[in-house]
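# Report on the structure
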Amino acid sequence: MNIKDGEDWLQFIKMRGNGKDITLDTPTEWSGTGFALNDGYVVTNYHVIENAKNIEIYGINGDFSNEYNINVVGVDKQNDLALLKINDENVLRHNNPPFYYNPSIVEVGESVYVLGYPLTQTMGEEIKLTTGVVSSKSGFEGDITTYQISVPIQPGNSGGPMFDMKGSLVGIVCAKHLGAENANYAIKTAYLTNLVESVCSNSILPKSTELSGLDLKDQVKNLKNFVYIIKCSK
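Fair warning: this is a prediction, and the values are worked out from it, not measured in the lab.

### Let's talk about the overall build of the chain
A tally of regular secondary structure across the chain gives six helices and 15 strands. Relative to its 234 residues, the chain shows a buried fraction of 53%. When contacts within the chain are restricted to residue pairs at least 6 apart in sequence, long-range pairs at least 24 apart make up 69% of them.

### A short note on the confidence of the model for the chain
Regions with low pLDDT should not have their predicted coordinates read in detail. In the predicted model, the chain carries a mean pLDDT of 87, and the fraction of residues at 70 or more is 87%. Here residues 1-10 is a poorly scored stretch, pLDDT under 50, and it has 20 contacts once near neighbours within four places are set aside; other chains count. Within the model, the stretch residues 18-24 combines pLDDT values under 50 with 20 contacts to residues more than four positions away or in other chains.

### Here we look at the side chain of Thr 193
Examined against the element boundaries, Thr 193 turns out to sit in helix H5 (residues 189-199). Its relative accessible area of 15% is what places Thr 193 among the buried residues. Dropping the residues within four chain positions of it, Thr 193 is found in contact with Tyr 101, Pro 103 and Leu 205.

### Comments concerning helix H6 (residues 216-223)
Each α-helix winds once per 3.6 residues, and so residues spaced three or four apart point in a common direction. All buried positions along H6 are accounted for by Gln 219, Val 220 and Leu 223. Each buried residue of H6 sits inside an arc of 100° when the element is viewed along its axis, so together they form one side. Of the exposed residues in H6, the ones pointing more than 90 degrees away from its buried face are Lys 217 and Lys 221. Elements that come into contact with the buried residues of H6 comprise strand E9 (111-116), strand E10 (128-136), strand E12 (161-164) and strand E15 (227-233).

### Points about the sheet that holds strand E7 (residues 81-85)
If you walk across this open sheet you meet the seven strands as E5-E4-E15-E2-E3-E7-E6, and the pairing is antiparallel. Each end of this open sheet is capped by a strand with a single partner; those strands are strand E5 (63-69) and strand E6 (71-76). Recorded for the sheet is a direction-independent mean angle of 30° between the axes of neighbouring strands. As paired strands, strand E2 (residues 29-36) and E15 are joined by seven bridges and run antiparallel to one another. Paired with Trp 30 across the bridge in E15 is Cys 232. Strands E2, strand E3 (41-44), E6 and E7 of the sheet are contacted by H5, whose axis makes an angle of about 45° with E7.

Here is what the cut-offs are and how they apply
- The numbers attached to residues start from 1 for each chain and follow its sequence in the written order.
- The predicted origin of the model limits local features to residues at a pLDDT of at least 70 and limits the giving and counting of side-chain atom pairs to 80 or more, whereas totals for whole chains, interfaces and linings rest on all residues.
- In computing side-chain values, all of the structure's heavy atoms are included and hydrogens and water are not.
- Comment: elements are numbered from the N terminus, with helices defined as DSSP H or I runs of at least four residues and strands as E runs of at least two.
- The classification of residues rests on relative accessible area computed with a 1.4 Å probe and restricted to protein chains. Under 20% of the type maximum is buried, over 50% is exposed, and intermediate values are partly exposed.
- In what follows, a contact means two residues having at least one pair of non-hydrogen atoms within 4.5 Å.
- Every residue is assigned a pLDDT by the predictor, reflecting its confidence on a scale from 0 to 100.
- This arc corresponds to the set of directions leading from the helix axis out to the C-beta atoms.
- The pairing criterion for strands is at least two bridges between them, as found by DSSP.
- The convention used is that axes are lines fitted to C-alpha atoms, helices contributing only their stretch in contact, and that angles between N-to-C directions extend from 0 to 180 degrees.

Next up, the structure:
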């Protein structure tokens, strides 16, 4: 996704860090959200890791006391996606996620929810749940690669997963519109499919689910150990 300079930038803000992007600062440390695919692969936004010299991941298997270094496997700058890899075999042994990866287009009016780690400096490191609906099948200025969603997001939500009420992955949170109320954006999963297939194998995309039939609170309990804090520094 291309972000324009000037006035458009003030209205369309990528949700990296702890609010510092809102003032257009260039922080030396920042954070975003990432989530697991199979075999130790992790997804986040490209803008979360952009210009980072050091990338660490927290929350593996629910453990926030240890950090792990993570390698960048591939990026799609145009669509604001990054594919990362954890290389610690002890971490990966039981780490395939329980959700189904849904590459299909979600219809307007579909209920969805987002998990992530917004504003960790003030809101803490407990995972945050927000809910809403798909407002439009196109995003900022008619961008067909994204959905407009009513789900509230904050700085730090970038790269977080968006699920439908069956617990299927249907999008990746990326940005919000500062000039409108409850107008936020998520990248369609089909564009993540393209990135994955260009750098490895689509076998890393989860094909089955353990969440079908569970209510929302139980879906979140099953998912929270597979959604991570991505901390970056220059």
